[in-house]
Amino acid sequence: MAFSPRRLMRGASGASTAQYQIARSLRFNSADSTSLSRSNASAGNRKTWTLSTWIKRSTVGVAAEGIYSVNNGEDQIRFTSTDSLQLGFNNFSSANLITTQVFRDVSAWYHIIIAIDTTQATSTNRVKIYVNGSQVTSFSTSTYPNQDFQSNFNFSPDIHRIGSGTNTTLYLNGYQTEVNVIVGQALTPSSFGETDASTGVWKPKRYLDTYGTNGFYLNFSDNSNTTAATLGKDYSSNASNWTPNNFSVTAGAGNDSLVDVPTPYGEDTGAGGTVRGNYATFNPLRSGTLARTFTNGNLAVAGDASNFATTATIGVSSGKWYWEVTATLVTDNRFIVGVADSTWPTSGSGDLGDSTYSYGYIADGRKYNNGSTPAYGATYTTNDIIGVALNMDAGTLTFYKNGTSQGQAFSGITQQMLPAIGSTGGTASESAVINFGQRPFAYTAPSGFKALCTQNLPTPTIGATSATLAGKFFDTSIWAGNDDNVNPRLITSNVDLASGGGLIWAKGRDLAVSHYLVDSVRGYTKYLATNGTAAEDTANFGIAGTTNGFTFTTSSGSLNQSPYNYVGWQWKAGGTAVTNTSGSITSSVSASTTSGFSVVTYTGNGTAGATIGHGLGATPAFLIFKSRSRTTNDWKVWCNSLTNTEALFLNLTNAKATGQSAFLNSTTPTSSVITLGTDSDVNFTSATYVAYCFAPVAGYSAMGSYTGNGNANGTFVYTGFRPAFILVKASSGGSAASANWLILDDARNTSNEVNNKLAANLSTAENGGTIGTSTQNNYDFLSNGFKARTTNGSSNESGTTFIYMAFAENPFKYSLAR
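Residues numbered from 1 in each chain as written. Predicted model: local features only at pLDDT ≥ 70, side-chain atom pairs only at ≥ 80, totals over all residues. Heavy atoms only, no water.

Engineer: Talk me through the overall build of the chain; I want residue IDs and the actual numbers.
Structural biologist: In terms of helices and strands, the chain carries one helix and 56 strands. Over its C-alpha trace the chain gives a radius of gyration of 27 Å, about what one expects of a compact globule, namely 28 Å for 818 residues. Expressed as lengths along the three principal axes of its C-alpha atoms, the size of the chain is roughly 85 × 75 × 45 Å. Across the 818 residues of the chain, 63% fall into the buried class. Considering only residue pairs separated by 6 or more positions, the chain has 68% of its internal contacts joining residues 24 or more positions apart. Total accessible area on the chain stands at roughly 25300 Å², and carbon and sulfur atoms take up 45% of it. Where the 49 positive side-chain charges of the chain centre and where its 48 negative ones centre are 2 Å apart. (Helix = DSSP H or I, 4+ residues; strand = E, 2+ residues; numbered from the N terminus. Rg over C-alpha atoms; globule rule 2.2 N^0.38 Å. Buried < 20%, exposed > 50% of the residue type's maximum accessible area, 1.4 Å probe, protein only. Contact = heavy atoms within 4.5 Å. Areas by Shrake-Rupley, 256 points an atom, 1.4 Å probe, with all protein chains shown as cover. Lys, Arg positive; Asp, Glu negative; His and termini not counted. Charge placed at Lys NZ, Arg CZ, Asp CG, Glu CD.)

Engineer: Would you mind going over the sheet that holds strand 17 (residues 243-245) in detail, with residue names and values included?
Structural biologist: Strand order in the open sheet formed by eight strands is 11-7-6-5-4-12-2-17, and the pairing between neighbours is antiparallel. Only two strands of the sheet have a single neighbouring strand rather than two, namely strand 11 (139-143) and strand 17. In this sheet, adjacent strand axes meet at a mean angle of 15° when their direction is disregarded. Summarising the sheet, strand 5 (residues 75-79) and strand 6 (residues 84-89) pair through four bridges and their orientation is antiparallel. Bridging across to strand 6, phenylalanine 79 finds its partner in leucine 85. (Pairing = 2+ DSSP bridges. Axes fitted to C-alpha atoms, helices over the stretch in contact; angles between N-to-C directions.)

Engineer: Could you give an account of the sheet that holds strand 50 (residues 716-718), with specific residues and numbers?
Structural biologist: Read from one edge of the open sheet, three strands run 50-55-54, paired in antiparallel fashion. Taken across any chain shown, the strands that pair with only one partner, and hence form the sheet edges, are strand 50 and strand 54 (779-782). Across the sheet, the mean angle separating the axes of adjacent strands is 15° when strand polarity is ignored.

Engineer: Can you explain unusual backbone geometry? Please cite residues and give values.
Structural biologist: Here the bond from serine 156 into proline 157 is cis, since omega is 5°, no more than 30 degrees from zero. Within the element layout of this structure, proline 157 appears in the loop between strand 11 and strand 12 (159-162). Between asparagine 752 and glutamate 753 the backbone carries a cis peptide bond, its omega angle lying at 0°. For glutamate 753, the position within the fold is in the loop between strand 52 (742-745) and strand 53 (758-759). Phi is positive for leucine 170, which is not a glycine, with a value near 60°. Within the element layout of this structure, leucine 170 appears in the loop between strand 12 and strand 13 (174-183).

Engineer: Give a detailed account of the packing of aromatic side chains, specifying residues and quantitative values.
Structural biologist: With the rule as written, the count across this model stands at 48 aromatic pairs. A centroid spacing of 5.0 Å and a plane angle of 55° characterise the contact between phenylalanine 474 and tryptophan 571, whose relative ring orientation is tilted. On the criterion of sequence distance, the pair formed by phenylalanine 474 in strand 31 (residues 474-480) and tryptophan 571 in strand 39 (residues 565-572) is long-range, its members being 97 residues apart. Across from the ring centre of phenylalanine 79, 4.0 Å away, lies the NZ or CZ of arginine 57, which sits over that ring. Note that lysine 367 overlies the ring of phenylalanine 410, its terminal NZ or CZ placed 5.3 Å from the centroid. (Phe/Tyr/Trp six-rings, centres within 6.5 Å; stacked < 30°, edge-to-face > 60°. Lys NZ or Arg CZ within 6 Å of the ring centre and 35° of its normal.)

Engineer: Just give me the short version of the side chain of aspartate 260, but keep the residues and values in it.
Structural biologist: Tracing the sequence through the fold places aspartate 260 in the loop between strand 18 (257-258) and strand 19 (293-295). Here the side chain of aspartate 260 touches lysine 56 through a polar contact of 2.8 Å, side chain to side chain. Once you skip the residues sitting within four places of it in the chain, aspartate 260 turns out to touch Ser25, Lys56, Trp109, Tyr175, Gly277, Asn278, Tyr279 and Gln438. (Polar contact = N/O pair within 3.5 Å; in protein donor to acceptor, adjacent residues only side chain to side chain.)

Engineer: Got a sec to walk through the pairing of strand 48 (residues 688-694)? Specific residues and values, please.
Structural biologist: It is a general feature of regular strands that their side chains alternate between the two faces of the sheet. For strand 48, the tally of buried residues reaches six of seven residues, placing the bulk of the element in the interior. Judged from the seven bridges that link them, strand 42 (residues 597-603) and strand 48 form a sheet pairing that is antiparallel. Bridge assignment links threonine 603 to a residue of strand 48, and that residue is threonine 688. Direction of pairing for strand 44 (residues 622-627) relative to strand 48: antiparallel, over a ladder of six bridges. What sits directly across from serine 627, in strand 48, is tyrosine 689.

Okay, structure coming up:
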């Protein structure tokens, strides 16, 4: 029997003959009390109906927000103040379903379906909720309606509302499009969407069946006016138009009709408001504990100067990009417009430009980088529009004031950059509005510069086609033990571990057993355990890599005991190992230059300055070493956020060790070799070793560090992809010396929060011992990164530095919100 990992293709499958195109979305802003309303002339089917809508949220964790309601909120579908999805009938007394899953991603789109059929005999069939093509089955509260219950939805003359929970409260903040309500049918996701054959990601398709009495279809494509016959037009045959309330289609920052949509298409003309796709906005998830207010779909922000710093939801490392910032309130010339890398801001200072990799144009006319503030351009003030032209191909940054270039401000920019605003301190109030091209620009972008949206992002090396999906290079499998020690058992995976070779890292989830690491270079029958110092041993089970996973070829003992559950993480390498002579020590290497991963074996010579080739053709950012032959050596780890005289230990909770010149011989790895000192953990005479080497690949993998903020609204880490796996360790700070190596993935938790954890340094079962309970050391996996969601020392202690290694489910260019 085969056991499946997380699926590459989520939701119902299907193939379309052409890309379905959604032209516009409608922005909902609670400060404007925006909603649409309609009263039915006659009643429709109140027992059976379906709502399908695409939503991009703007605010989380603040207040309940209505999606669809009737009779002043007596019946409603909404996001709760804790970001669950909730459905209630008769003021939640006749039905009340609250998802365990939380919806806290503000950077991409969700597809939400609510299917009602109270005629069903089985209670759980009377309400079905689907998100991004998959059914939600876990609820913290699950009161289902009685059989044949009639809701107020589709009743007459009750007023129905989209985007609010009542007539005066619970307004939605975010974007909404492609709203379908079908009366008389309880439908499945295949009626409204399909899996993209290339990317494996759920996408919209046009509903083409009947709508029933009072059914409707709103796509908000006519923005010629804000009437029921234009912005609120029903495109179904029912012509059940809706009345827009408090929306604007007037050109400028208040325009609520935008081209931010879940179907990317079109060519960028440089004018703004043309090309379609998921657009960048300000990212409130980066704010942490800082006090600021985001409005208008996260395109406006206000706060005092000490709490003003923020970045966008999309970062770039190549291409030419243009956006505009309107300084809507400048009170003391401290306002700054610019860019920053993903590690800024690390505190509440808000000084954009005080670090090496942040660059800004100050309102007083100076420019700011690495603490230096030389004269640059004209001063600017309230209501001036600052254009930003970031050329990542040339590494330059140029600013415009009201359409006039101020000249090139910076060059030599090589880090991935995110649009940013901030200040140079103070307490005065500041505010800004940003436009990434989701509406027309005030001034045409320079030639060749593009709006910042997913349609314009470069095609990633991994994730763009069915042959290069991220899951083919890294995947997670989960299975239940069955005690079968006779018949070969297949554990399926999307990784080809036969022709590709690679690494399998497996662990029992609900029993205390070691981590088992086997790889194709040492041979899949030989294992090492990260939770100890033991030398390599022959496993009490046999493993063979297959084209679709791996099999237990003999007794599968420690990884197949009933009734226990297991998890296995797999990385694809480069096939049969080859001899590598790039270093002074000959190594045996299986390397995938595509995915930035290699397995390296070698024999130490005890010589300082010895080198080994790793085969990646790129500089590794994360290294894991273990002696195969010695029983007392630790697992040595180096990450690009450490210096070349620092190290961590995968089998220990220790904070980073300094003064480790004998580890890498005080030499940073290069694109071809790793330099070794005389440390016995990596280079003892005649001892044998294995090294697992990782280099970052845009849209697929990321390695680095972040600083905890000690708040449940924890630190956000931008990766440029939706993670499938993260490994996290506190490296310096108060709790670093007792923090575990946390391992989280999207197979053991298919929705947020991600709270099932194992520790690489412990044999302990999932969420056991010092690892942390299901409410501790948790994270959200998001469309463009991950975010700590608890205050615990192993994940988010204030001021503590954490290193991480992450691998993708999907690159952000194609990701949906999770």
